[in-house]
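Letter by letter, the chains look like this.
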Amino acid sequence: MTNWKHKHIIDLAKFSREDYLAVFELANRFKVLPITGTRKIPALQGRLITTLFFEASTRTRSSFELAAKRLSADVQSFSANSSSLQKGETPLDTALTYISMGADVLIIRHSSTNLSEEIAHYLDEKNINTSILNAGDGVHSHPSQGLLDIFTLANFFQPNNPVPDILSGKNITIVGDILHSRVARSNLWALTACGANVILCGPKSLLPEEFSNFIKEPPPGQKIDPIKNRGKVIIMRSLKDALKGSDAVMTLRLQKERMQGNLITDFYRYNRDYGITHENLKVCEKKIPILHPGPVNRGIEISSDLLEDNSRSLIDKQVRNGIPIRMALLYLLTTSKKHSN
Ligand code: ASP
């Protein structure tokens, strides 16, 4: 059994090579369960997994809940609109209420950057055993999405042995609203940890130049970078140039709800310059796959026909792979004893 050290999963900056390997190894095992006719295993019987989503979600929340059920855990889910938040309760008090009911893992999504981390610190100070799994905190981090994305890519490049190392030396382009994307940030840590080079592509308003220094060594809150040789981060403004030598492209939704002011007023122009279509993929040196974390704005960041082209789009596989990846994370958090944070 793996030597898993994390009590909470807040971001991927702290992940070591061994952590990625542990997640992949379990996810690969969980992924084949339905094929062998086993839909559900009793691994987390009697455990309580609680989803605490203060922000909207379709995929992440259902995927975590299904993952917990496949491991036979009890699942509780909180709904912001019909909760005591309406009566002025704070997110911390809401979290503590579920902890009092015995939650082993709280899966939290909130619009505020670092809320998950603050709750995790509070629990550590009070010696409370519950783990926090960040399911998206503002623009900061969405670790399970980053993990399912690299898992999907590894499965694409080497289906018979999808290991993190297979991404080493690959050029993965992320296009669009990087500034407001926690998915892009988690992918930056995850992809570079596997040795992939990340090409960030977008207009200056959505991709400030500072992103070329995003990968700091050591990562925030760490004394040393747990990863020895990270891949590079490169900024390109021209989609054509970015796509040319790419091995895969991930496009992102324009996060209008997080934009202050009119960062993007002209969607026609954005689509012309950064929208992914069959036509502009012709510049690629090979037939590359397309990823998107969803939800998609059809016809803005990606054309409808490309979205539905299963010979190109890995979007359906991203959704499917989310389940074994999240099973792996819940399993690791609830069954490992040695915690360093
Ligand atoms: N579902 C992803 C997230 O929660 C991406 C998005 O919303 O565009 O960050």
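Residues numbered from 1 in each chain as written. Predicted model: local features only at pLDDT ≥ 70, side-chain atom pairs only at ≥ 80, totals over all residues. Heavy atoms only, no water.

Enquirer: Account for empty space enclosed by the protein, naming residues and giving values.
Expert: Gaps left between atoms show up when a probe the size of a water molecule is rolled over them. For the coordinates displayed, the defined rule picks out two cavities of 30 Å³ or more. Roughly 60 Å³ of volume is contained in the largest cavity. Every residue lining the largest cavity is listed: R17, Y20, L21, P164, D165, A193 and C194. Per element, the largest residue contribution to the lining of the largest cavity is three residues, and it comes from helix α1 (residues 17-31). Class assignment for the residues of the lining of the largest cavity results in five nonpolar, no polar and two charged. (1 Å grid on protein atoms, 1.4 Å probe; cavity = no way out; pocket = protein on both sides within 12 Å on 5 of 7 lines; lining within 4 Å. Points joined across faces, edges and corners; volume = space filled by probe spheres on them. Helix = DSSP H or I, 4+ residues; strand = E, 2+ residues; numbered from the N terminus. Nonpolar A, V, L, I, M, F, W, Y, C, P; charged D, E, K, R; others polar.)

Enquirer: Quick one: what's the story with the site of the ligand, residue by residue and with numbers?
Expert: The environment of the ligand is made up of R109, H142, R182, V183, R253, Q255, G294 and P295. Between the ligand and R253, the relevant distance is 2.7 Å, taken from an oxygen atom to a side-chain nitrogen or oxygen of the residue. At 3.0 Å, a backbone N or O of G294 approaches a nitrogen atom of the ligand. Here the ligand, which alone exposes 260 Å², has 92% of that area covered by the protein. The residue inventory of the shell around the ligand, partitioned by class, reads two nonpolar, three polar and three charged. (Near = heavy atom within 4 Å. Polar contact = N/O pair within 3.5 Å; in protein donor to acceptor, adjacent residues only side chain to side chain. Areas by Shrake-Rupley, 256 points an atom, 1.4 Å probe, with all protein chains shown as cover.)

Enquirer: How would you summarise the nonpolar core if you had to cite specific residues and measurements?
Expert: Counting 68 residues, the largest nonpolar core has L200 and L330 as its most contacted members. Top element by residues in this core is helix α10 (residues 315-335). It accounts for eight residues. Beyond its immediate chain neighbours, meaning those up to four positions away, L200 contacts I174, I178, L188, L207, F211, V233, I234, I235 and M236. Residues I199, L239, Y270 and L306 belong to the second largest nonpolar core, which totals 22 residues. (Core = buried A, V, L, I, M, F, W, Y, C linked by side-chain atoms within 4.5 Å. Buried < 20%, exposed > 50% of the residue type's maximum accessible area, 1.4 Å probe, protein only. Contact = heavy atoms within 4.5 Å.)

Enquirer: Residues and numbers for the packing of aromatic side chains, please.
Expert: Scanning the model with the defined rule gives ten aromatic pairs in all. Taking 5.2 Å as the distance between ring centres and 90° as the angle between the ring planes, the aromatic pair formed by F24 and F151 counts as edge-to-face. Linking F24 in helix α1 with F151 in helix α5 (residues 143-157), this pair joins segments that are 127 residues apart in sequence. By the burial criterion, F24 is buried, and F151 matches it. Each ring, one from F30 and one from Y331, has its centre 5.9 Å from the other, and the planes form 70°; the classification is edge-to-face. Remark: Y331 occurs in helix α10 and F30 occurs in helix α1; sequence separation between them is 301 residues. According to the relative accessible area criterion, F30 is buried, its value standing at 8%. Ring pairs connect the aromatic residues W4, F15 and Y20, which therefore count as one cluster. Above the face of the F157 ring, K170 is positioned so that its terminal group lies 4.8 Å from the ring centre. Here the basic side chain of R326 rests over the ring of F64, its NZ or CZ set 4.9 Å away from the ring centre. (Phe/Tyr/Trp six-rings, centres within 6.5 Å; stacked < 30°, edge-to-face > 60°. Lys NZ or Arg CZ within 6 Å of the ring centre and 35° of its normal.)

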